[in-house]
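# Survey of secondary and tertiary structure
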Amino acid sequence: MVFSSNVFLFLFLPVFLGLYYLSGNRYRNLLLLIASYIFYAWWRVDFLALFIGVTVFNYWIGLRIGAAGVRTKPAQKWLIFGVVVDLCVLGYFKYAGFGVESLNAIITSFGFEPFIVTHILLPIGISFYVFESISYIIDVYRGDTPATHNLIDFAAFVAIFPHLIAGPVLRFKDLVDQFNHRSHTVDKFAEGCTRFMQGFIKKVFIADSIAPIADHCFALSDPTTGDAWLGALAYTAQLYFDFSGYSDMAIGLGLMMGFRFMENFNQPYISQSITEFWRRWHISLSTWLRDYLYISLGGNRGSTFATYRNLFLTMLLGGLWHGANFTYVIWGAWHGMWLAIERAFGVNAAPRRIRPLKWAFTFLLVVAGWVIFRAENLDVAWRMYAAMFSFGDWRLSELNAAQLTSLQVSTLVLAYLTLAWFGIRQFHAQPLTGAPKARAENDGVKEKVDANGPATAQPRSPGAAQDDPAAIAYSPSGALAYRQSWLAQWPLLATRLVLLLLFALSVLKLSAQSFSPFLYFQF
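Moving on, we come to the overall build of the protein. If you tally the helices and strands in the protein, you get 19 helices and 4 strands. In the protein, buried positions account for 50% of the 523 residues. If you take every contact in the protein between residues at least 6 apart in sequence, the share linking residues at least 24 apart comes to 77%. Carbon and sulfur atoms make up 65% of the accessible area of the protein, which amounts to about 25100 Å² in all.

Further remarks concern helix α5 (residues 126-142). Between its first and last C-alpha atoms α5 spans 24 Å; for 17 residues at 1.5 Å apiece the expected length is 24 Å, and the two agree. Of all 17 residues making up α5, 16 are buried, and the element is well covered by its neighbours. Backbone geometry just after α5 places G143 at a positive phi near 85°.

What follows is about helix α12 (residues 283-294). Spacing of three or four residues puts side chains on the same side of an α-helix, whose turn is 3.6 residues. When you tally the buried positions in α12, you get 11 out of 12 residues, the bulk of the element. Where α12 is concerned, the buried positions are I283, S284, L285, S286, T287, W288, L289, D291, Y292, L293 and Y294. In the core, the buried residues of α12 are packed alongside α5, α8 (172-180), α13 (304-322) and α14 (326-345).

A full pass over the atoms with the stated rule returns 66 aromatic pairs. Ring geometry for F12 versus F16: centroids 6.4 Å apart, planes at 10°, classification stacked. Of the two residues, F12 and F16 are both situated in helix α1 (residues 6-22); the distance of 4 residues between them amounts to about one turn of the helix. Overall, F12 belongs to the buried group, its relative accessible area being 10%. Residue classification places F16 among the buried positions, given a relative accessible area of 4%. Positioned above the aromatic ring of W321 is the side chain of K94, whose terminal nitrogen or guanidinium carbon lies 5.2 Å from the ring centre.

Attention now goes to the side chain of T307. Secondary-structure assignment places T307 in helix α13. You can call T307 buried: its relative accessible area is 6%. In this structure T307 touches Y294, G299, N300, G302 and R343, once residues within four positions along its chain are discounted.

The next point concerns a nonpolar patch on the surface. There is a patch of nonpolar side chains on the surface, built from L11, V15, L19, L30, I34, I38, W42 and I152 and spanning about 690 Å² of accessible area. Within the residue set of the nonpolar patch, elements represented by two or more residues are α1 and α2 (25-41).

Another point: the packing of helix α10 (residues 225-256) against helix α16 (residues 378-388). In contact at an axis separation of 7 Å, α10 and α16 are set at 115° when each is read in the N-to-C sense. Here α10 and α16 pass one another in a crossing that is left-handed. On α16, the residues that touch T225, A228, W229 and A232 of α10 are M384, A387 and M388. Taken together, the residues of the contact of α10 with α16 sort by class into 6 nonpolar, 1 polar and no charged.

What follows covers the nonpolar core. In terms of nonpolar packing, the biggest core is built from 88 residues, with F8, F161 and F196 touching the most fellow members. The element that contributes the greatest number of residues to this core is α5, accounting for 11 residues. With sequence-adjacent residues up to four places away left out, F161 is seen in contact with F3, F8, F12, F16, L32, S36, F39, Y246, L253 and M257. Counting 47 residues, the second largest nonpolar core, distinct from the first, contains A228, L239, F265 and A381.

Once that is clear, we can look at unusual backbone geometry. For Q267, which is not a glycine, the phi torsion comes out positive at approximately 50°. Within the secondary structure, Q267 is located in the loop between α10 and α11 (274-277). Taking relative accessible area as the criterion, Q267 reaches 17% and is therefore assigned buried. A positive phi angle, close to 40°, is found at H282, a residue other than glycine. Within the secondary structure layout, H282 lies in the loop between α11 and α12. You can call H282 buried: its relative accessible area is 0%.

For N29, the position within the fold is in helix α2. At 2.9 Å, the side chain of N29 forms a polar contact with the side chain of D153. Setting aside chain neighbours within four positions, we find N29 in contact with I152, D153, A156, F179 and R182.

Within this structure, the stated rule accounts for 14 salt bridges. Residues D144 and K173 are paired through a salt bridge, measuring 3.8 Å at the closest nitrogen-oxygen approach. Here K173 lies in helix α8 and D144 lies in the loop between α5 and α6 (151-159), a separation of 29 residues in the sequence. In this structure D144 comes out as partly exposed when scored by relative accessible area, which is 37%. Residue R171 pairs with D291 through a salt bridge whose shortest N-O separation is 2.7 Å. In this pair, R171 is assigned in the loop between α7 (161-164) and α8 and D291 in helix α12, connecting sequence segments 120 residues apart.

The rules we used
Residues numbered from 1 in each chain as written. Predicted model: local features only at pLDDT ≥ 70, side-chain atom pairs only at ≥ 80, totals over all residues. Heavy atoms only, no water. Helix = DSSP H or I, 4+ residues; strand = E, 2+ residues; numbered from the N terminus. Buried < 20%, exposed > 50% of the residue type's maximum accessible area, 1.4 Å probe, protein only. Contact = heavy atoms within 4.5 Å. Areas by Shrake-Rupley, 256 points an atom, 1.4 Å probe, with all protein chains shown as cover. Expected span 1.5 Å × (residues − 1). Phe/Tyr/Trp six-rings, centres within 6.5 Å; stacked < 30°, edge-to-face > 60°. Lys NZ or Arg CZ within 6 Å of the ring centre and 35° of its normal. Patch = residues over 30% accessible without salt bridge, like charges linked within 9 Å, V, L, I, M, F, W, Y side chains within 5 Å. Salt bridge = Lys/Arg side-chain N within 4 Å of Asp/Glu carboxyl O. Axes fitted to C-alpha atoms, helices over the stretch in contact; angles between N-to-C directions. Left-handed = near helix turned anticlockwise from the far one by under 90°. Nonpolar A, V, L, I, M, F, W, Y, C, P; charged D, E, K, R; others polar. Core = buried A, V, L, I, M, F, W, Y, C linked by side-chain atoms within 4.5 Å. Polar contact = N/O pair within 3.5 Å; in protein donor to acceptor, adjacent residues only side chain to side chain.

Distances and angles like these do not, on their own, reveal function.
In structure tokens form, the structure reads like this:
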């Protein structure tokens, strides 16, 4: 089951939310767990057993580590055992076939018979729930969170359906308080609905409309320079709107249930360095790789060479995490190489103003990386690169031009105008200041993230409304509060009306098109 489907929109979600809000607080986590298992089993019931097995195993490992003590030798042994088992499960289902194929390519070159292995089906979401399980037992070992004795809460954390299939990659230590205490308000629910609709529009209205452009261009056997660049730019936009759309929907669904998940994207295509890009793109994964892989490899605690090596290896393994293909390995190595180069030259990853040349160069590096990320194999990638950088015929081939529609082209133009507008606005409104954190920090002093924070950025005191007496009101608790006038609210109301209309059009488009899963389902 996917979010962008009629069965989810008109059956699963309404029934779940109805039961959720009719249930008492003590039963909501259990209901969430049951609903999440139904959501997962909608794809394959048999793989639900594997999912439950991984969950129970890591719950047990967490208890063993907790009983052994923080950072003790016995705890370390339990941690190593747990991580090895988790990686073996992930490795078998995701990389066994790739490993055998690579081995066969070697032994057949020497004249030996290849091994024959039955095709192994990749369970949906396994990369995400294995990573989240590993982060939990590592956090217990480090003392960042106590081992939980509540199996229902832990299982619900791993299985919670909004983020189950394609992230964000969450951490138990950041959500444990919300499983115990979370608020359910009209404002938070409305914010969740708005965020869900934004993501739905990104996915169905934009990403799905430009997906055929990328598919056609990458399928050409002899693309022109124009074909190759059109395909690369189309996929660059498609991937962002598809994946960030899923993240928006996941965050929105979480808000409907009282949860506040971490942000996963922050206008990455406005970046002026690869380092800045990874602070804006798939933030939950990049911070996970930093905290659990880069730091475990030694981080920057060793020599300069060791730091560059750790950066490179982290991205190399991050690329392999995306899939069992040499294209992903090379993509990871590409980003790891540029991260190391930027580290060596001391590139500023939090610029205060936009420098067009730096932005253009970074965008070129990102687009070039997406080509091999999208390519089915190295031959397709080479064919695209050869066409892109031959700078030959910039016209589209007749076959490609015949398949393009005005709707696809106009949507692609709209996508880049949207990226430019919101990217520049976000850059000036909220410039990056420090390294991304799983939890909010201010000047190096940790702050507790308010899981039940305001749904909108309203003033915290009525001071801003002193010149508008009509905007001063008392809340139900008797506290003085700020209330915007209708005149001040009309831009927001107009925006929500447009959003609602676009959402309705997207639902109609969804009903008319064929099934289109999210791109990150394959990982």
